[in-house]
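A closer look at the structure
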Amino acid sequence: MAPPLRLNAVAFISPQNHPILIRTFEKGDELKYHYVAHTSLDVIEERSQSNGPTKSNDCYLGLLYAMDEIAAYGYITPLKMKIVIALPLTDSVVRDAEVIMTFKALHLAYYHASSNPFIRLHDTPAGVGSAKWKRFRRKVDEISRAVGGGSVPS
């Protein structure tokens, strides 16, 4: 049996390529995962341009790239919201079905958070760091724990 996935980081990026949330689950590596999220945007744009019109089930972009000890996977919603997860590179096989289920859970968490009529999505300077987005950050942490049982930042 393959070991469970372990998320190192999750990034939510707006259709205008502004980071909405970059949540890291490794202490002291925040800047590295900001870099991973931003470099993933180039690959996501390239793949979304080359595929032309996509079907609703073609949101999963697969492995974007591997760098150092990190594998970056991408997902783009029908409204062009981008989600990037960083997994540690291991010798074990990463099943696409597990990664897709993780992306769908993260997408659903964002959908529920953005459906709140009292939250402005991209107007506030604090963005997802504000107190109104606390439930969303907590849900992302729960998904990380459920996927791999990893540690979650406080």
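Reference entry: report on the structure contained in this document. (Residues numbered from 1 in each chain as written. Predicted model: local features only at pLDDT ≥ 70, side-chain atom pairs only at ≥ 80, totals over all residues. Heavy atoms only, no water.)

**Considerations on empty space enclosed by the protein**
Over the atoms rolls a probe the size of a water molecule, and in doing so it shows where empty space is left. Scanning the model with the defined rule gives 1 cavity of 30 Å³ or more in all. Its boundaries defined by the atoms lining it, the largest cavity holds a volume of some 50 Å³. In this structure, the largest cavity is lined by Ala9, Val10, Ala11, Ile22, Tyr33, Val36, Ala37, Val84, Ile85 and Ala86. Of all the elements in the fold, those that place two or more residues in the lining of the largest cavity are strand S1 (9-13), helix H1 (30-51) and strand S5 (82-88). In the lining of the largest cavity, the residues fall into 10 nonpolar, no polar and no charged. (1 Å grid on protein atoms, 1.4 Å probe; cavity = no way out; pocket = protein on both sides within 12 Å on 5 of 7 lines; lining within 4 Å. Points joined across faces, edges and corners; volume = space filled by probe spheres on them. Helix = DSSP H or I, 4+ residues; strand = E, 2+ residues; numbered from the N terminus. Nonpolar A, V, L, I, M, F, W, Y, C, P; charged D, E, K, R; others polar.)

**A short note on the sheet that holds S5**
What the 5 strands build is an open sheet, ordered S2-S1-S5-S4-S3; its pairing is antiparallel. Single-partner strands in this sheet number two, and they are strand S2 (19-24) and strand S3 (60-67). In this sheet, neighbouring strand axes are inclined to one another by 15 degrees on average, regardless of whether the strands run parallel or antiparallel. Across 5 bridges, S1 lies against S5 in antiparallel orientation. The residue of S5 that forms the bridge with Ile13 is Lys82. The strands touched by helix H2 (residues 96-114) are S1, S2, S3, strand S4 (70-76) and S5; relative to S5, the strand with the most contacts, the crossing angle is about 135 degrees. Across the sheet, helix H3 (residues 134-148) lies against S1 and S2, angled at about 45 degrees from S2, the strand it touches most. (Pairing = 2+ DSSP bridges. Axes fitted to C-alpha atoms, helices over the stretch in contact; angles between N-to-C directions. Contact = heavy atoms within 4.5 Å.)

**Concerning the nonpolar core**
Membership of the largest hydrophobic core comes to 27 residues, with the highest contact counts inside it found for Val10, Phe12, Ile85 and Phe136. Mapped onto this core, the elements with two or more residues apiece are S1, S2, S4, S5, H2 and H3. Not counting the four nearest positions on each side in its chain, Phe12 is found in contact with His18, Pro19, Ile20, Leu21, Met81, Lys82, Ile83, Leu106, Tyr110, Phe136 and Val140. Membership of the second largest hydrophobic core comes to 18 residues, among which are Leu41, Ile70, Ile76 and Val84. (Core = buried A, V, L, I, M, F, W, Y, C linked by side-chain atoms within 4.5 Å. Buried < 20%, exposed > 50% of the residue type's maximum accessible area, 1.4 Å probe, protein only.)

**A closer look at the pattern of salt bridges**
Opposite charge on two side chains permits pairing when their charged atoms draw close. By the definition in use, this model includes 5 salt bridges. One salt bridge connects Glu45 with Lys82, and the closest N-O pair in it is separated by 3.8 Å. With a gap of 37 residues between them, Glu45 in helix H1 and Lys82 in strand S5 connect regions that are remote in the sequence. Given the relative accessible area of 28%, Glu45 is considered partly exposed. For Lys82, a relative accessible area of 1% translates into the label buried. (Salt bridge = Lys/Arg side-chain N within 4 Å of Asp/Glu carboxyl O.)

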